[in-house]
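# Overview (structure and organization)
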Amino acid sequence: MERTILIMKAAAATVAVLLAVAVLAAEAAAPHHQYPRGVTSTYRRKLEASEDMPLDADVFAVPPGRNAPQQVHITLGDQAGTAMTVSWVTMEAEGNSTVLYGRAAGRLDLAAEGTTTRYTFYNYTSGFIHHCTLTGLDHATRYYYAVGHGDTVRTFWFTTPPRPGPDAPLRLGLIGDLGQTADSNATLAHYEQHPGAAVLFVGDLSYADKHPFHDSRRWDTWGRFSERSVAYQPWIWTAGNHEVEYAPELGETTAFKPFAHRYPTPYRASGSSEPYWYSVKLGPAHIIVLSSYSAFGKYTPQFKWLEAELARVDRELTPWLFISTHVPWYNSNNFHFMEGEPMRVQFEKMAVDARVDAVFAGHVHAYERSHRFSNIQYNITDGRCTPVADRRAPVYVVIGDGGNIEGLADELTWPQPAYSAFREYSFGHAVLDIKNRTHAYYAWYRNHDGNKVTADATWFTNRYHMPNHDDSSVSSKTTYYA
Ligand code: FE
Ligand code: ZN
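Okay, so let's go over this structure. Values in this document were obtained by computation on a predicted structure and should not be read as measured data. (Residues numbered from 1 in each chain as written. Chains lettered and ligands numbered in written order. Predicted model: local features only at pLDDT ≥ 70, side-chain atom pairs only at ≥ 80, totals over all residues. Heavy atoms only, no water.)

So, on to the coordination of the iron ion (ligand 1). For the iron ion (ligand 1), every protein donor is listed as Asp 177 (OD), Asp 204 (OD), Tyr 207 (OH) and His 365 (NE2), and the spread of their distances is 2.0 to 2.3 Å. The coordination sphere of the iron ion (ligand 1) comprises four donor atoms, whose angles at the metal cover 86 to 178°; the geometry is irregular. Read N to C, the donor residues that coordinate the iron ion (ligand 1) are spaced as D-x26-D-x2-Y-x157-H. The metal-metal distance between the iron ion (ligand 1) and the zinc ion (ligand 2) is 3.0 Å, with Asp 204 coordinating both. Taken together, the residues Asp 204 in the loop between strand E13 (198-201) and helix H3 (217-230) and His 365 in the loop between strand E18 (358-361) and strand E19 (367-370) connect sequence positions 161 residues apart. Given the relative accessible area of 6%, His 365 is considered buried. (Donors = N, O, S within 2.8 Å, 3.2 Å for Na, K, Ca; no water. Tetrahedral: all angles 85-135°; square planar, octahedral: opposite > 155°, others 65-115°. Helix = DSSP H or I, 4+ residues; strand = E, 2+ residues; numbered from the N terminus. Buried < 20%, exposed > 50% of the residue type's maximum accessible area, 1.4 Å probe, protein only.)

Turning our attention to the packing of aromatic side chains. As enumerated under the stated definition, the model contains 33 aromatic pairs in all. Taking 4.9 Å as the distance between ring centres and 70° as the angle between the ring planes, the aromatic pair formed by Tyr 330 and Tyr 419 counts as edge-to-face. On the criterion of sequence distance, the pair formed by Tyr 330 in the loop between strand E17 (320-324) and helix H6 (341-353) and Tyr 419 in the loop between strand E22 (395-399) and strand E23 (420-424) is long-range, its members being 89 residues apart. We classify Tyr 330 as buried; its relative accessible area is 6%. Above the face of the Phe 128 ring, Arg 118 is positioned so that its terminal group lies 3.9 Å from the ring centre. One Lys or Arg, Arg 142, reaches over the ring of Trp 157 and ends 3.7 Å from the middle of that ring. (Phe/Tyr/Trp six-rings, centres within 6.5 Å; stacked < 30°, edge-to-face > 60°. Lys NZ or Arg CZ within 6 Å of the ring centre and 35° of its normal.)

Binding of the zinc ion (ligand 2) to the protein goes through Asp 204 (OD), Asn 241 (OD1), His 326 (NE2) and His 363 (ND1), at separations of 2.1 to 2.2 Å. Coordination at the zinc ion (ligand 2) is irregular: its four donor atoms span angles of 90 to 165° at the metal. Linear spacing of the donor residues for the zinc ion (ligand 2) on their chain is D-x36-N-x84-H-x36-H. Accessibility expressed as a relative area gives 1% for Asp 204, which makes it buried. You can call His 363 buried: its relative accessible area is 2%.

If you trace the four strands from one edge of the open sheet to the other, you get E2-E3-E9-E6, paired in antiparallel fashion. The open sheet terminates on both sides in strands that have one partner only, identified here as strand E2 (70-76) and strand E6 (115-117). Neighbouring strand axes in the sheet, compared pairwise and without regard to direction, differ in orientation by 20° on average. By the bridge criterion, three bridges tie E6 to strand E9 (residues 128-134) in an arrangement that is antiparallel. Across the sheet, the residue bridging to Thr 115 is His 131, located in E9. (Pairing = 2+ DSSP bridges. Axes fitted to C-alpha atoms, helices over the stretch in contact; angles between N-to-C directions.)

Taken together, eight strands build an open sheet; the order of strands is E1-E23-E19-E22-E18-E17-E16-E15 and the sheet is mixed. Either end of the sheet is taken by a strand with one partner, and the two such strands are strand E1 (39-40) and strand E15 (278-282). Judged from the five bridges that link them, E15 and strand E16 (residues 285-289) form a sheet pairing that is antiparallel. Bridge pairing in E16 places Tyr 278 opposite Val 289. Packing against the sheet, helix H5 (residues 301-312) makes contact with E15, E16 and E17, and its axis sits at approximately 175° to E16. (Contact = heavy atoms within 4.5 Å.)

A rise of 1.5 Å per residue sets the reference length of H3, with its 14 residues, at 20 Å; its end C-alpha atoms lie 18 Å apart and thus fit the reference within 8%. At Arg 224, H3 shows its largest bend, some 30°. For H3, the tally of buried residues reaches twelve of 14 residues, placing the bulk of the element in the interior. Those residues of H3 that sit buried are Arg 218, Trp 219, Asp 220, Thr 221, Trp 222, Gly 223, Arg 224, Phe 225, Ser 226, Glu 227, Ser 229 and Val 230. Contacts made by the buried residues of H3 are with E2, strand E8 (124-125), strand E11 (154-159), helix H2 (182-193), strand E14 (235-237) and helix H4 (257-262). (Expected span 1.5 Å × (residues − 1). Bend = angle between axes of the 7 residues up to and from the residue.)

In this section: the pattern of salt bridges. With the rule as written, the count across this model stands at 21 salt bridges. Across the pair Glu 341 and Arg 344 runs a salt bridge, and its minimum N-O distance is 2.5 Å. With Glu 341 and Arg 344 both in helix H6 and three residues apart, this pair spans about one turn of that helix. Exposure remark for Arg 344: the relative accessible area of 7% places this residue in the buried category. Through salt bridges with shared partners, one network takes in Glu 341, Arg 344 and Glu 348. (Salt bridge = Lys/Arg side-chain N within 4 Å of Asp/Glu carboxyl O.)

It is worth spelling out the environment of Met 343 at this point. Along the chain, Met 343 turns up in helix H6. Sequence spacing of Met 343 and Leu 306 is 37 residues, and the spatial spacing of their C-alpha atoms is 12 Å. Met 343 has contacts with Leu 290, Ser 291, Ser 292, Phe 296, Thr 325, Trp 329 and Glu 348, leaving out every residue within four places of it along the chain.

Here is the structure:
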């Protein structure tokens, strides 16, 4: 009897070992499975770029009243969603930097005091730019707030993000390279039809630098244009090349000057030393923002911060891990082709090892979504440098199609590379709907002759909880023209 049990135990152990070997073999084989061929959609709205809307366009209207606060916008004021930074500009006089706020529109019983700053850029002098951080807020709570006391008071509201935790649903907007053309206006209007709790903005805001002398009045118009969304929900800022504004020919040599004065980020809360790379947590998501235009080589502050930050991520608490950066690491458009290569080489292995769920980028004025691919085998002596299917890898999304003065990036590389799942050069935006710790529904909405059309939609499964799941096998829906 005892012997039989021993034999059975031995047999069970053998089966367990065989199973383990089989699982290991399957996992080893998994990175090299085949994805279906990618789709190049040929939908074209138009190819010519649009002009920026005129300075007197209604979306740029100055709010009525003496010294009325304008360009009101909010962003997260700490890492975990219990603070909100409110920013606005007054033009005629400094006014004050006080925000009154509370849980009911008629009862703003709390007050916070902010600061004022100004800047000059060549021949432009900014208005009074106010920043005020409201702290100690409750999660997932509606707050009303008012700015402009003493002159013209304007009232807005926002809802704080859910407490960091694995199963709070979260809807996140994804917008990039927005600018201020009629196309930009359509993109924002389409997003507003079904907005999320926050927008992850992947860089290139106003394109003020496309105007003579980097006309900073175009930062003011952009602030007034975007207020209708950004005053009511936090936008998470990523710095793009149009934010750099390094212009020695104008005597302006401080990088990011207008952007940094106008759009603060909660970088200190995540231990960062610069406003351009930082992290925030919203409900089930841990979002890491990187700067394509700050040093990221080994030993640099950004590199060391990212290394430490990835080690701090708690996937039990925040199962979804995303990176936002302006220049894409995977891009098969001829525009800005290979520009993301230095950062990809530097950070891709770290992202794969950390099982990042998705990397969002802009810069290329088109849309593209990748399969899960990696290219981390390469070293200078072995010559292995072909991206391979890899379920451990993030999905790469290029969402630089907000619709700006530069128009569309309309030249693709051929053949479509194996890593590219879907690509199309037209305008639009995307939304990521995190349902729970394992599943998120992702959809890209094309601006289809002025209408919002779902053009590329799929499910992402979580790389921490379902690390080896092939989410490309889950039915995705595309409406394309091929
Ligand atoms: Fe851009
Ligand atoms: Zn760009």
